[in-house]
Structure formats: C-alpha cells, structure tokens
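The lines below spell out each chain.
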Amino acid sequence: MSFPAETRAVVARTYTPLDALKLLVVTVAAVVVHGYHPMVEDAAIYVPGIKRTLQPGLYPQYAEFFASHAGLTQFPRIMAGSTRLSGLPLEWVLLGWHFLTIFALLAFAFLLGRRCFPAMRSAAWGGVLLLASLLTLPVAGTALYIVDEYVNPRSFSTAAVLLAVLLMVQRRWLIASAVLLLTAAVHPLMTVFGFAFALCWWATGQKLGRLGPTLAMLSPLGMFPPVTGAYREALQAHAYFFLARWEWYEWLGLIAPVFLFWWFSAIARRKNLPALAQLCRACIL
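Procedures and definitions
Residues numbered from 1 in each chain as written. Predicted model: local features only at pLDDT ≥ 70, side-chain atom pairs only at ≥ 80, totals over all residues. Heavy atoms only, no water. Helix = DSSP H or I, 4+ residues; strand = E, 2+ residues; numbered from the N terminus. Expected span 1.5 Å × (residues − 1). Buried < 20%, exposed > 50% of the residue type's maximum accessible area, 1.4 Å probe, protein only. Arc of directions from axis to C-beta. Contact = heavy atoms within 4.5 Å. Axes fitted to C-alpha atoms, helices over the stretch in contact; angles between N-to-C directions. Parallel < 35°, antiparallel > 145°, perpendicular 65-115°, else oblique. Left-handed = near helix turned anticlockwise from the far one by under 90°. Nonpolar A, V, L, I, M, F, W, Y, C, P; charged D, E, K, R; others polar. Phe/Tyr/Trp six-rings, centres within 6.5 Å; stacked < 30°, edge-to-face > 60°.

Enquirer: Kindly report on helix 2 (residues 17-34), identifying the contributing residues and their values.
Expert: Owing to its 3.6 residues per turn, the α-helix aligns residues three or four sequence positions apart on the same side. Look at helix 2: 26 Å from first C-alpha to last across 18 residues, which is about the 26 Å you get at 1.5 Å a residue. Every buried residue belonging to helix 2 is among Asp19, Leu23, Val26, Thr27, Ala30, Val31 and His34, and all of these are buried. End-on view of helix 2: buried residues confined to an arc of 135°, all on one side of the axis. Facing away from the buried side of helix 2, by more than 90 degrees, are the exposed residues Pro17, Val25 and Val32. Contacts from the buried residues of helix 2 go to helix 6 (90-116) and helix 7 (121-133). Within two residues after helix 2, Gly35 carries a phi angle of roughly 90°, on the positive side.

Enquirer: Got a sec to walk through the packing of helix 8 (residues 153-169) against helix 9 (residues 173-184)? Specific residues and values, please.
Expert: Here helix 8 crosses helix 9 at 165°, and the two axes come no closer than 8 Å. Classified by the interaxial angle, the pair formed by helix 8 and helix 9 is roughly antiparallel. Handedness of the helix 8/helix 9 crossing: left-handed. Residue-level inspection shows Ser157, Ala160, Val161, Leu163, Ala164, Leu167 and Met168 of helix 8 in contact with helix 9, the latter providing Trp173, Ile175, Ala176, Val179, Leu180 and Thr183. Residues that form the contact of helix 8 with helix 9 fall into these classes: 11 nonpolar, 2 polar and no charged.

Enquirer: How would you summarise the packing of aromatic side chains if you had to cite specific residues and measurements?
Expert: Using the criterion set out here, one finds 9 aromatic pairs in the structure. Cluster of aromatic residues (ring-pair linked, three or more members): Tyr46, Phe75, Trp97 and Phe156.

Enquirer: Account for the packing of helix 2 against helix 7, with residues named and values stated.
Expert: Angle between the axes and distance between the axes: these two values describe a pair of packed helices. Contact geometry of helix 2 with helix 7 gives a least axis separation of 9 Å together with a crossing angle of 25°. Of the possible angle classes, the one that applies to helix 2 and helix 7 is roughly parallel. Helix 7 is crossed by helix 2, and the crossing has right-handed handedness. Packed against helix 2, whose contacting residues are Asp19, Lys22, Leu23, Val26, Ala30 and His34, the element helix 7 presents Arg121, Trp125, Val128, Leu129, Ala132 and Ser133 at the interface. In terms of residue class, the contact of helix 2 with helix 7 is built from 7 nonpolar, 2 polar and 3 charged.

The values are spatial; any link to function lies outside them.
Take a look at the structure:
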C-alpha cells in the first residue's frame, strides 16, 4: 500500500503531545459518564483471584468458584504484581488500570483513525469520541459491553487486539503476531476472535480463490466437546446464546452492521481510502 508523499508526511505527524492530553481528557470524561463499579459482575471471579494471589491463605474453602476461571489468565498475577510494586491499595490499582486500559483503547483507535483517514484528523477524533461515548453499549447477542465498568482481562484484550489490527494495517506482521500471543496470556478466547479477524482482514486483500480455505479455517465445527445435561440446563437460562430466541433489536444489531460496513466500504473506495475499505470488508466477513 503506497500513499503520495504529502499523505505520508501527514501520517508521520499523527500523534502529538497535545493529542495525548486530549485523549486523557476524553478518557476521564468516558469514565465519569459510564461510571466505575469495581466489584460487580465478573469482578466476583477476578477480584478474589487477585486477593488470593496477594494472600494465598485467603478463601480456604470453595475457592474453585473463582479459581477455575481466574486460573486461565495471568490477569490476577498482573494486578497482584502491580499492587506489590506500587505499594498502593488494591482498589487504587484497579482504578488506575481501568483508566490506563481505556486510554490505550482510545489512543489505538485514534492512530487507526489516522491511518484510515490520512488527511482528515477530524475524522480520527470523531471515531475516538464515538467509541468513548459507546463504551457500555451492549454488543448484540453477547451480553457484553464494548468496555466494562471495571477492569478485567477483556479490558486488556480489547485494547491489545485493536493494537494488533493497527499493526496489521501498517503491515507489521511480526509485531502484530507477538501482540496477539501476549494477549492470549490474559484472555485466550478474545485472542481467538482477534486472530479470526486478522485472517478475515488478510483474506480481503487476496484473490477470491483463496477466500474459501481461509473462511474454512474459521469454522468452529468439531472444536467443542459434547454438552452435558447440567451444562445444557445452564445454557437455557441465557437466551442470548440462541439465535431463535433473540429479540428483534438483537437481530438488527446483527444484520444492520453488515450493510453499514458495505456502504462505508463503497464510500472508502470512492474517496480512495484503501485502509478503511479493507477494514470494512474484513468486518463484513
């Protein structure tokens, strides 16, 4: 991918100290608007894991409630290590990482926006502000927010996967792969999604004949063991796991983005914005 000399000069000036200050202000505003609730939802799993890492004698009984899940990630060790190194109370460490991961997410979004719109700085800021205003938007059919109101492994993986996407767009494949591998230590499942998107992004830049095998690699068939009766009963309590039980607005959330990305891709091709066009096509896949 090549740009005219004047465009490359604009890209080289993508980030300034003033941009960092603006991103800090937007991050603070995002936390104030969306709220901060450090001990809700999945924090009931992760925070006990952190406390037990700091004090192994805690929770001598029934620790499997959180240990079986928290043990799949290095997140408790990262939080515990940060607490030991800083000497701060755990509550302040959790808040600090919450700010830091949101700041990183918005910073990578800004840099990706600058890559997609090389000559339009305002477009990159528009993307950052849109993302910051929608952090707690539930993603259709997942019961997940874009960013939770507390720090957890997904706080790290969301920012890291976006960094990997930015590196892919810059054709820095080795570093992007390293970022995804490191992300797997914090959130293995979200890394799978990031890797799947990387394959989709790669496929959009190849000839159509290579597209079929690439998509076949993404097929989840045969990856999962048989479901037990107890697990099936637990699944039935979560309607969002079943397409046939989705509400109409969840179906809209599934279908509408496909057409929006197709529309945006057409506009990007017409405006000669190749990075944006390819990312839109990857999102469609």
